[in-house]
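Remarks on the overall topology
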Amino acid sequence: VLSEIKELEKLKVVSDIAASISHEVRNPLTVTKGFLQLLQDHTISLEKKEFYIKLSLEELERAEEIISDYLTFAKPSIENIDLLELNREIQYILKVITPYATMRDIDIMFEKTDDVFIAGERQKLHQALINLAKNGIEAMSPNGKLTIKLTSHENMAHIIISDTGIGMNEEQVRRLGTPYYSTKTTGTGLGTMVAFSIIKAMRGHLSVKSSLGEGTTFTLTIPLVQHEESSHLLP
Ligand code: ADP
Ligand code: MG
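Model, not experiment: these values are computed from the prediction.

**Some points on the overall build of the chain**
- Within the chain one finds 7 helices and 8 strands.
- The contacts of the chain with a sequence gap of at least 6 include a subset with a gap of at least 24, amounting to 78%.

Following this line, the structure appears as structure tokens:
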């Protein structure tokens with residue numbers, strides 16, 4: 001069997017990652033700045049000009065991708081903890097990712113359930129779910145199917161995100177969550193790392209089961225909010 005379930009707990013501390021991300025974003029900016037300085041020279045050939053512009057755009061796109069995988073992660077805080085109802089939050093991220101899926105002829109299915117309450121930062125939960133759903137979509141060819149299923153039992157909420165995509169071998173699964181590990185030409189290798197960190201910060205965990213050529217399932221497990229805990233979180 002090629003599939004494997006794995007708990008990933010090899011995360012670096014947040015400050016390390018933040019430092020390394022700002023470095024990653026600064027690089028493309030420095031390179032672009034250099035090209036713009038070169039472009040100030042009016043004697044350079046049109047060919048060179050076009051070349052510098054092309055490279056600058058590529059570098060800026062790279063910076064943009066890094067920021068979008070990382071967006072809400074940079075400033076960890078416990079100040080924005082809210083009581084979140086997961087059916088509602090998932091419905092929100094569906095709105096965000098549906099255009100991306102439609103563009104690639106991917107269908108999304110959501111299996112909802114009764115109200116499920118957890119405590120967490122709304123934006124970070126969105127970021128984690130979007131990063132995982134985006135990976136699922138990117139792993140599939142047209143007509144693929146992304147399924148998001150929500151359940152709860154034994155004081156835990158489970159969000160199960162499955163795709164029918166290319167899948168991963170053991171080595172790839174093992175490397176998941178390692179900063180900058182990517183098999184995509186324009187990948188950042190930050191999406192899963194960010195998702196793992198966010199879920200860990202919510203006292204939850206993320207497990208993955210993957211089978212080459214068949215698909216991948218990520219299961220997020222997050223503690224439910226107990227009644228006593230929730231009273232002070234309610235508006
Ligand atoms: P990126 O998407 O920018 O490559 P991620 O951290 O989001 O970075 O993902 C890292 C790598 O993990 C991907 O490049 C891919 O090889 C693998 N991966 C993640 N999710 C999936 C998935 N659902 N199916 C197949 N491979 C995946
Ligand atoms: Mg990704």
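**Here's the deal with the confidence of the model for the chain**
- Within the chain, residue pLDDT values average 85, and 83% of them lie at 70 or more.
- Considering only residues more than four positions removed or in separate chains, one finds that residues 1–14, a stretch of pLDDT under 50, has 30 contacts.
- On the interface metric, ipTM, the complex scores 0.99, and its pTM is 0.78.

**Observations regarding the site of ligand 1**
- By nearness alone, 23 residues border ligand 1, and Asn-135, Ala-139, Ser-182, Gly-187 and Gly-191 come closest of all.
- Of the residues belonging to the shell around ligand 1, the class tally is 7 nonpolar, 14 polar and 2 charged.

**Here we look at helix 6 (residues 191–201)**
- Along helix 6, 9 of the 11 residues are buried, which leaves the element largely enclosed by surrounding structure.
- Restricting attention to buried positions, one finds in helix 6 the residues Gly-191, Thr-192, Met-193, Val-194, Ala-195, Phe-196, Ser-197, Ile-198 and Ile-199.
- Positive backbone phi, approximately 60°, marks Arg-203, located one or two places after helix 6.

**Focus: unusual backbone geometry**
- Located in the positive-phi region is Asp-105, a residue other than glycine, with phi close to 60°.
- Secondary-structure assignment places Asp-105 in the loop between helix 3 (86–103) and strand 3 (107–111).
- The class for Asp-105 is exposed, based on 11 C-beta atoms found within 10 Å.

**A word on helix 3**
- The end-to-end C-alpha separation of helix 3 is 26 Å, in line with the 26 Å expected for 18 residues at 1.5 Å each.
- Taken as a whole, helix 3 carries its principal kink of about 40° at Ile-97; the proline Pro-99 stands between one and four residues after it.
- Residues of helix 3 that are buried include every one of Leu-86, Glu-89, Ile-90, Ile-93 and Ala-101, and no others.
- Structurally, helix 3 contributes buried residues whose contacts are with strand 2 (81–85), strand 3, strand 4 (117–121), helix 4 (122–138), strand 5 (145–153) and strand 6 (156–163).

Thresholds applied
- Within each chain, residue numbers correspond to sequence positions counted from 1 in written order.
- The lettering of chains begins at A and the numbering of ligands begins at 1, in the order of writing.
- Reporting of local features is limited, given that this is a predicted model, to residues whose pLDDT is at least 70; pairs of side-chain atoms are given and counted only at 80 or more, and all residues count toward the totals for whole chains, interfaces and linings.
- The secondary structure listing takes helices from DSSP runs of H or I that are at least 4 residues long and strands from runs of E that are at least 2 residues long, numbered from the N terminus.
- The contact rule is simple: place each C-beta atom from the backbone, and if two of them lie within 7 Å, those residues are in contact.
- Per-residue confidence from the predictor is given as pLDDT, running between 0 and 100.
- We call a residue near a molecule or strand if the C-beta atom, set from the backbone, is within 6 Å of it.
- We call Asp, Glu, Lys and Arg charged. Ala, Val, Leu, Ile, Met, Phe, Trp, Tyr, Cys and Pro are nonpolar, and the rest, Gly among them, are polar.
- Comment: burial labels come from other C-beta atoms within 10 Å of the residue's own C-beta, placed from the backbone, where a count of 20 or more is buried, 12 or fewer is exposed, and between is partly exposed.
- In a helix, the anticipated span is given by 1.5 Å times the number of residues less one.
- Bend is the name given here to the angle between axes fitted to two runs of seven residues, the run ending at a residue and the run starting at it.

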